[in-house]
Amino acid sequence: MDGRPSQVSLAYAIDLLMPCGWDFTGCLATILRAIGGDLHPQRPLACCARNIKLSPLCERLQTIAATLDAFWRDQDTASDTDPRILASLGTPTPVKRWLAASLDKTIRLHVSQPFGMDLF
């Protein structure tokens, strides 16, 4: 990343490749080129929750987390919430609030990456 040498082996990068990843085809192409000898990809390898800030979904995930946060805390909605998601959640109940809080936490942990998960 940013011209720095990788600290991840090709074998480990292959282990991290999962078809459900946000950029599976891009990662697959990068790994195939690496197997072929191209060890200087044009863009960082971003798979299995790594380099998530490069995901085109990152900003949307932050909005979803903010919306879930407003729902489970039963707070007035802020400008960074999505009214369609709030409507789909229905009337708040203790169980719905707990589930929304759990999903909010999961999304925020993945998006914020509180520890070194970037592949560089």
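Located above this text is the structure these notes cover.
Note that the structure is a prediction, hence the values are computed from the model and not measured.

Caption draft 1: Inspection of a nonpolar patch on the surface at higher detail. A surface patch of nonpolar side chains, amounting to about 410 Å² of accessible area, comprises L10, I14, L28, L32 and I35. Elements with a minimum of two residues in the nonpolar patch: α1 (10-16) and α2 (24-35). Here the nonpolar patch gets 3 residues from one element, more than from any other, and that element is α2. Note that I35 resides in helix α2. Here I35 falls in the exposed class, since its relative accessible area comes to 56%.

Caption draft 2: Just the side chain of D82, in detail. Its place among the elements puts D82 in the loop between α3 (58-73) and α4 (83-89). Taking the relative accessible area as the measure of exposure, D82 reaches 6% and is therefore buried. A distance of 2.7 Å separates a polar atom in the side chain of D82 from a polar atom in the side chain of R60. Those residues in contact with D82 that lie beyond four places of it in its chain are R60, T63 and T67.

Caption draft 3: Spotlight on α3. Over its 16 residues, α3 extends 22 Å from the first C-alpha to the last, a length consistent with the 22 Å expected when each residue adds 1.5 Å. Looking only at α3, the buried set comprises C58, A65, A66, T67, L68, D69, A70 and F71. Here the buried face of α3 lies against α4 and α5 (94-112). Positive phi shows up at D74, right after α3, with a value of about 55 degrees.

Cut-offs applied
- Residues numbered from 1 in each chain as written.
- Predicted model: local features only at pLDDT ≥ 70, side-chain atom pairs only at ≥ 80, totals over all residues.
- Heavy atoms only, no water.
- Patch = residues over 30% accessible without salt bridge, like charges linked within 9 Å, V, L, I, M, F, W, Y side chains within 5 Å.
- Areas by Shrake-Rupley, 256 points an atom, 1.4 Å probe, with all protein chains shown as cover.
- Salt bridge = Lys/Arg side-chain N within 4 Å of Asp/Glu carboxyl O.
- Helix = DSSP H or I, 4+ residues; strand = E, 2+ residues; numbered from the N terminus.
- Buried < 20%, exposed > 50% of the residue type's maximum accessible area, 1.4 Å probe, protein only.
- Polar contact = N/O pair within 3.5 Å; in protein donor to acceptor, adjacent residues only side chain to side chain.
- Contact = heavy atoms within 4.5 Å.
- Expected span 1.5 Å × (residues − 1).

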